[in-house]
Amino acid sequence: IASAQPGRTYIIATDVTFAPFEFEDENGNLTGIDMELIRAIAEDQGFNVEIKQLGFDAALQAVQAGQADGVIAGMSITDARKQVFDFSDPYFESGVQMAVLESNNDVKSYEDLKGKRVAVKNGTEGATFAESIKDQYGFTTVYFADSASMYDEVRTGNSVAVFDDYPVLAYGITQGNGLKTVTEKEAGASYGFAVNKGQNAELLEMFNAGLANLQDSGEYDEILSQFLGQDA
Ligand code: GLN
């Protein structure tokens, strides 16, 4: 077992805009729950991080290719991914939900997607879920690399709906992105930090130790409420 390497700089890959988990604030600074969490954990455990905003699918590929040491990107802990990644303890509960344009009064259920086009993001749980029901409900899927492009696709009317993680949809809707949710959220997996399977075990250990410390100290709750408000 490799020993911890405090002081070392680890390359951490993440998604592009996936608010409130990773996004640029009005001054262009990268922030969000994932970003503040990994920085606080690094500080607690005495290591450094260099964050690379690659996009979700690209972030996972970078870790698998050894171009990044870890990924924190609102990444759901799934059995399929456990074949290729080692995950930290879960740090946030999530799941998939559908959203449509605010002005759309025609799509109120999956049945209403018949013959329509739906936007999803490469390599995500939202895409996997959409694929799993698209034959049953008779819709087609179109793929994008990031959430912003998916939402644009719905705003322009090219697709009638988008499947994304519900905390991300909820945050965007609060920010006035012009969408609304009309169906219940699907049961989903929790988010975890991940490293390539069998590698960077010391980084994973430090993540878990740091996360536990932040949860004990109340700093974890502070980070959540900074982005989600008081009832986080
Ligand atoms: N939680 C989803 C997944 O792991 C989406 C993550 C994302 O788009 N950044 O597939």
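On a predicted model such as this, the values are computed, not experimentally measured, just so you know.

> I'd like to hear about the site of the ligand, residue by residue, with values.
The full set of residues close to the ligand is Asp15, Phe18, Phe56, Ala73, Gly74, Met75, Ser76, Ser94, Lys121, Thr124, Glu125 and Asp165. Counted by class, the shell around the ligand contains 4 nonpolar, 4 polar and 4 charged residues. Both of domain 1 (9-93 + 189-228) and domain 2 (96-181) provide at least three residues apiece to the shell around the ligand.

> Could you give an account of the nonpolar core, naming the residues involved and the relevant values?
With 67 residues, the main nonpolar core has Ala59, Val63, Val71, Val118, Val154, Ala161 and Val162 as its most contacted residues. Shared between two domains, this core takes at least three residues from each, and those domains are domain 1 (9-93 + 189-228) and domain 2 (96-181). Beyond its immediate chain neighbours, meaning those up to four positions away, Val71 contacts Ile12, Ala13, Thr14, Ala59, Leu60, Val63 and Ala194.

> Just give me the short version of the environment of Ala58, but keep the residues and values in it.
In this structure, Ala58 sits in helix α2 (residues 56-64). In this structure, the C-alpha to C-alpha distance between Ala58 and Thr14, residues 44 residues apart in sequence, is 8.5 Å.

> Can you tell me about the domain arrangement of the protein chain, naming the residues and giving the values?
Segmentation of the protein chain into domains returns domain 1 (9-93 + 189-228) and domain 2 (96-181). One C-alpha centre belongs to domain 1, the other to domain 2, and the line joining them spans 25 Å. Contacts between the two partners involve 13 residues from domain 1, matched on the other side by 13 residues from domain 2.

> Describe in detail the sheet that holds strand β12 (residues 179-181), supporting the description with residues and values.
Here we have 5 strands laid out as an open sheet, ordered β10-β9-β11-β8-β12, and mixed in their pairing. Sheet topology places β10 (140-144) and β12 at the edges, where each strand pairs with a single neighbour. In this sheet, neighbouring strand axes are inclined to one another by 35° on average, regardless of whether the strands run parallel or antiparallel. Bridge analysis of strand β8 (residues 96-101) against strand β11 (residues 161-165) gives 5 bridges, and the strand direction is antiparallel. Within β11, the position partnered with Met98 by the bridge is Phe163.

> How would you sum up the environment of Ser147? Please name residues and give values.
Its location among the elements puts Ser147 in helix α5 (residues 147-155). Measuring from C-alpha to C-alpha, the distance between Ser147 and Lys121 comes to 6.7 Å, with 26 residues separating the pair along the chain. Filtering out sequence-adjacent residues up to four positions away, Ser147 remains in contact with Thr17, Phe18, Lys121, Asp164 and Val168.

The rules behind these values
- Every chain's residues receive numbers from 1 upward, in the order its sequence appears when written.
- Owing to the predicted nature of the model, reporting of local features is limited to residues with pLDDT of at least 70; listing and counting of side-chain atom pairs is limited to 80 or more, with chain, interface and lining totals taken over all residues.
- Here is the check we use: build the C-beta atom from the backbone, and if it is within 6 Å of the molecule or strand, call the residue near.
- Any residue outside Ala, Val, Leu, Ile, Met, Phe, Trp, Tyr, Cys, Pro, Asp, Glu, Lys and Arg is labelled polar, Gly included; the first ten of those are nonpolar and the last four are charged.
- For the purposes of this description, domain bounds are those given by an automatic or database domain assignment.
- Defined on buried residues, the nonpolar core groups Ala, Val, Leu, Ile, Met, Phe, Trp, Tyr and Cys residues joined through C-beta atoms within 7 Å.
- In this scheme the burial state of a residue depends on its C-beta neighbours within 10 Å: 20 or more other such atoms mean buried, 12 or fewer mean exposed, and anything in between means partly exposed; the C-beta positions come from the backbone.
- Contact criterion: two residues are in contact if their C-beta atoms, reconstructed from the backbone, are within 7 Å.
- Strands here mean DSSP runs of E at least two residues long; helices mean DSSP runs of H or I at least four residues long; both are numbered from the N terminus.
- When DSSP locates at least two bridges between a pair of strands, those strands are taken to pair.
- Lines fitted to the C-alpha atoms define the axes, with helices restricted to the stretch that makes contact. Angles between their N-to-C directions range from 0 to 180 degrees.

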